[in-house]
Every structure is written in C-alpha cells, then in structure tokens.
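# Coordinate analysis (summary)
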Amino acid sequence: MIAGLAIAAIEDAEVAAVVALWERCALTRPWNDPAADIALARKGPNSTVLLGREDEKIVASAMVGHDGHRGWVYYVAVDPDRRGRGLGRTIMSAAEDWLRQAGIAKLQLLVRQENAKASAFYETIGYDEAPVIVFAKWLDGREQARQLARPESQA
Ligand SMILES: CC(C)(COP(=O)(O)OP(=O)(O)OC[C@H]1O[C@@H](n2cnc3c(N)ncnc32)[C@H](O)[C@@H]1OP(=O)(O)O)[C@@H](O)C(=O)NCCC(=O)NCCS
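A brief report on the enclosed structure follows. Model, not experiment: these values are computed from the prediction.

Now for the overall build of the protein. Scanning the protein for helices and strands turns up five helices and five strands. Compactness check: the protein gives a C-alpha radius of gyration of 17 Å against a globular reference of 15 Å for 155 residues, within 12% of the reference. Across its three principal axes, the protein shows a C-alpha extent of roughly 60 × 35 × 30 Å. Across the protein, the fraction of contacts at a sequence separation of at least 24, relative to all contacts at a separation of at least 6, is 56%.

Counting buried positions along helix H4 (residues 116-124) yields zero of nine residues, so the element is predominantly exposed. Backbone geometry just downstream of H4 places Gly126 in the positive-phi region, at approximately 105°.

Turning next to the site of the ligand. Close to the ligand lie 20 residues, the nearest being Arg83, Gly88, Arg89, Lys117 and Ala120. Split by residue class, the shell around the ligand holds 11 nonpolar, five polar and four charged.

This next bit is on the sheet that holds strand E4 (residues 71-78). Across the sheet, which stays open at both edges, the five strands sit in the order E1-E2-E3-E4-E5 with mixed pairing between neighbours. Unpaired on one side and paired on the other, strand E1 (6-9) and strand E5 (107-108) mark the two borders of the sheet. Sitting on the sheet, helix H1 (residues 15-24) touches strand E2 (47-54), strand E3 (57-66) and E4, and the angle it makes with E3 is about 90°. The sheet contacts of helix H2 (residues 34-41) involve E2 and E3, and relative to E2 the element is tilted by about 110°.

Along the chain, Gly88 turns up in helix H3 (residues 87-101). If we skip the residues at most four places from it in the chain, Gly88 touches Ala60, Val76, Val78 and Phe121.

Moving on, we come to H1. Along H1, the residues that are buried comprise Val18, Leu21 and Trp22. Down the axis of H1, the smallest arc covering the buried residues is 95°, so these residues share one side. Exposed side of H1, more than 90 degrees from the buried face: Ala16 and Glu23 are the residues found there. Looking at the packing, one finds that the buried side of H1 touches H2, E2, E3 and E4. Positive phi appears at Ala26, one or two residues downstream of H1, with a value of about 60°.

So, how was this worked out
- Residues numbered from 1 in each chain as written.
- Predicted model: local features only at pLDDT ≥ 70, side-chain atom pairs only at ≥ 80, totals over all residues.
- Helix = DSSP H or I, 4+ residues; strand = E, 2+ residues; numbered from the N terminus.
- Rg over C-alpha atoms; globule rule 2.2 N^0.38 Å.
- Contact = placed C-beta atoms within 7 Å.
- Buried ≥ 20, exposed ≤ 12 C-beta atoms within 10 Å, placed from the backbone.
- Near = placed C-beta within 6 Å.
- Nonpolar A, V, L, I, M, F, W, Y, C, P; charged D, E, K, R; others polar.
- Pairing = 2+ DSSP bridges.
- Axes fitted to C-alpha atoms, helices over the stretch in contact; angles between N-to-C directions.
- Arc of directions from axis to C-beta.

The structure is reproduced here in structure tokens:
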C-alpha cells in the first residue's frame, strides 16, 4: 500500500471530479456519457467505481464489476501529475481484491489498439494478452462501426 493513499468506492459528491479526471486522462469518448456510466455502475451490487485519494484529492480510479462469470475493469486512470509511483498498480490490485471477494476468478479488460502505454502497463503488472477477437453490437439502435465506415456509394 502507498502511504497516504486511501481507496474506497465513489461517493455522490465526487462524480464531477471523477469525470474531470477521466477527461484529463483522455478516457472519455463522445459516445459514452461518463456520468451516466458512473450511475449505472453504482446501480447494483455487481459493480462500482473505486477511487484512490491522496491529500483529499482523487488521484486514481477503476470502474470494476462482474457479469456473473468474469470480472472487468474500465476507466483505469491515474492523475497525470502522479503517475509512475505505483498508483496504477495499487488501484488495479484493489479492483482484483474487490472481484476476489465477489467470488470471481478471472479479470479481463479491453485496451484500445493504439494505447501501447496501457498495454505495457498491464503486462508489467501481470496481465497476459489473450488470443481472442472482441465482437461488439450496440443494443440501443445505434449504427455499427462497419455501417459508419461503409463508403457513400455502397451505403
Ligand atoms: C496506465 C496508467 C493507469 C498507469 O498508472 P501509473 O500510476 O503510472 O502506473 P504505476 O506507477 O502503478 O506502474 C506500475 C508498473 O507499470 C509500469 N508502467 C506504467 N506505465 C508504463 C508504460 N507506459 N510503459 C511501460 N511500463 C509502464 C511501471 O513502470 C511500473 O512498473 P514497476 O512496478 O516494475 O516499476 C496511467 O498511465 C494512466 O492513467 N494512463 C491514461 C489512462 C489509460 O490509458 N488507462 C488505461 C485504459 S485501458
């Protein structure tokens, strides 16, 4: 554990600060509403958002949850000013503990192909790249990526 670091679940008053952290860490995307993502993760017992706090400042986050079989993390972030001091490893360790306590044996996570730094981080803290292809489908009627990518002439 890092001296002065406290890890606990997010509280109501912290949502805006967490969204600001994710924006500073370039983790937000136009198609995801981060505040809505936090609300959904806090809705049931199978997921939460863990925060690391130092000097009353939010310095790290990991959204963690499980689907009844595997555990997942999203929004793994460390304040840019406080990187390289073990905070990323520690918030991931807290997410792993949270899942172990829920009876989950394996943690999986998605890394964007262009995020080589994140891949290096996860490899360093003990994660293996898995030989899988991820398929995804929007369930809310949004167009799929391949529809958006289709040239005008074929649309
Ligand atoms: C990835 C991130 C969470 C790492 O946080 P951090 O606090 O700097 O990481 P730590 O200090 O705990 O590093 C743990 C280990 O990973 C290594 N590591 C961290 N970043 C690394 C990088 N970019 N390349 C290689 N190794 C890296 C560290 O050297 C350290 O190794 P050590 O314990 O052997 O010294 C942080 O850089 C971040 O918030 N990035 C932007 C958001 C992001 O991309 N999140 C992941 C989305 S999938």
